[in-house]
Amino acid sequence: MAEWPARLVLVGAGKMGGAMAHGWLEAGLAASSLMIVEPHPSPEIASLAASRGVVLATGITAPPPDVLALAVKPQSLDKVAPEIAALAAERTLVLSILAGKTIANLEARLPEARAFVRAMPNTPAAIGRGVTAAFANASVTGEQRRWCERLLGAMGAFYWLEQEDAIDAVTAISGGGPAYVFALTEALAAAAERLGLPAELSMSLARGTIEGAGELMRRQGATPPATLRRNVTSPGGTTAAALAVLEGPGGLEDLMIRAAAAARARAAEMAG
Ligand SMILES: NC(=O)c1ccc[n+]([C@@H]2O[C@H](COP(=O)([O-])OP(=O)(O)OC[C@H]3O[C@@H](n4cnc5c(N)ncnc54)[C@H](OP(=O)(O)O)[C@@H]3O)[C@@H](O)[C@H]2O)c1
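A few points on the structure. (Residues numbered from 1 in each chain as written. Predicted model: local features only at pLDDT ≥ 70, side-chain atom pairs only at ≥ 80, totals over all residues. Heavy atoms only, no water.)

### Here we look at the overall build of the protein
Looking only at helices and strands, one finds 11 helices and 8 strands in the protein. Across its three principal directions, the C-alpha atoms of the protein cover 65 × 40 × 35 Å. Of the accessible surface of the protein, which amounts to about 14700 Å², a share of 60% is contributed by carbon and sulfur atoms. Both charge centroids of the protein, one from 23 positive and one from 25 negative side chains, sit 1 Å from each other. (Helix = DSSP H or I, 4+ residues; strand = E, 2+ residues; numbered from the N terminus. Areas by Shrake-Rupley, 256 points an atom, 1.4 Å probe, with all protein chains shown as cover. Lys, Arg positive; Asp, Glu negative; His and termini not counted. Charge placed at Lys NZ, Arg CZ, Asp CG, Glu CD.)

Following this line, the structure appears as structure tokens:
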């Protein structure tokens, strides 16, 4: 069984597709196995392709590959699908990261293909620290699943989903999650300013705290976040006073539940 697909065509090498190509080559995909199709390659992609010897094409001329990875914008699919339909043969695995595009939708556009995987990465994938979850339809073989584990695992943590509609919940949690953390950073900085600290120092304290706490949680991977929280919370102390507000009614958990529900509802509305 091959660890990597022998031939992989990546369609769309923007922010996410570019990060994937970079991650795959770093993780050991042979440059000769990869072809990137991108009409307007960024200087980074052009230099990655040139330095590694990856074929970079502006249009599609190749025979059907083992894996056809789709990373164009969802709104580009109407234009792209007819151009790539000939690349999706019966034996080709179609691996899509297009937000909101269901497998039924992709099947209708790529009628020869049988095996489809729909994945939802997040932006820290660009630094190899993403979280990706994916659903495979019943036609995906064991070998194709292992390719996906390699390809999607090259961007960070990877999990399989049992149901396709769980993608909407994943979108609401890890897909949008980096934005929630950035918003938390902004809120912490705003609170610092309210307490009278200068704006620049407020942002430095907030950023450093979120970065440091995230890294601490990563390095102490076996320790539950609740334990890490208790470790910095003396009974009757200052952190306990803040947590009494954050954990009260309408507090952080309630807010996060409402925010995630709103995101999932929007993802379900947009799916098609
Ligand atoms: N960014 C995220 O956080 C994130 C998270 C999860 C999923 N996704 C999904 O990832 C996908 C890509 O997002 P992105 O942020 O990477 O977008 P992006 O930076 O705009 O990348 C899309 C790329 O596809 C290229 N493209 C357009 N038409 C093409 C064609 N006919 N053939 C080949 N390439 C073509 C675009 O080129 P031009 O610039 O010339 O149009 C662009 O470089 C989206 O479907 C999104 O839903 C993104």
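So, next bit.
### Topic: the nonpolar core
Core analysis: the biggest nonpolar cluster contains 36 residues, and Leu8, Leu10, Trp24, Leu34, Leu95, Val117 and Leu152 have the highest contact counts within it. Those residues in contact with Leu10 that lie beyond four places of it in its chain are Gly17, Met20, Ala21, Trp24, Leu34, Met35, Ile36, Val37, Ala69 and Ala71. The next biggest cluster of nonpolar side chains, apart from the first, holds 28 residues, and it includes Ala57, Leu77, Leu106 and Ala113. (Core = buried A, V, L, I, M, F, W, Y, C linked by side-chain atoms within 4.5 Å. Buried < 20%, exposed > 50% of the residue type's maximum accessible area, 1.4 Å probe, protein only. Contact = heavy atoms within 4.5 Å.)

### Points about the pattern of salt bridges
Taken as a whole, this structure holds 11 salt bridges when the rule is applied. Here Glu215 makes a salt bridge to Arg219, at a shortest N to O gap of 2.9 Å. Here Glu215 and its partner Arg219 are both found in helix α8 (residues 199-219), 4 residues apart, which amounts to about one turn of the helix. With relative accessibility at 25%, the residue Glu215 sits in the partly exposed group. Here Arg229 ties to Glu247 by a salt bridge, and the two come within 3.5 Å at their closest N and O atoms. (Salt bridge = Lys/Arg side-chain N within 4 Å of Asp/Glu carboxyl O.)

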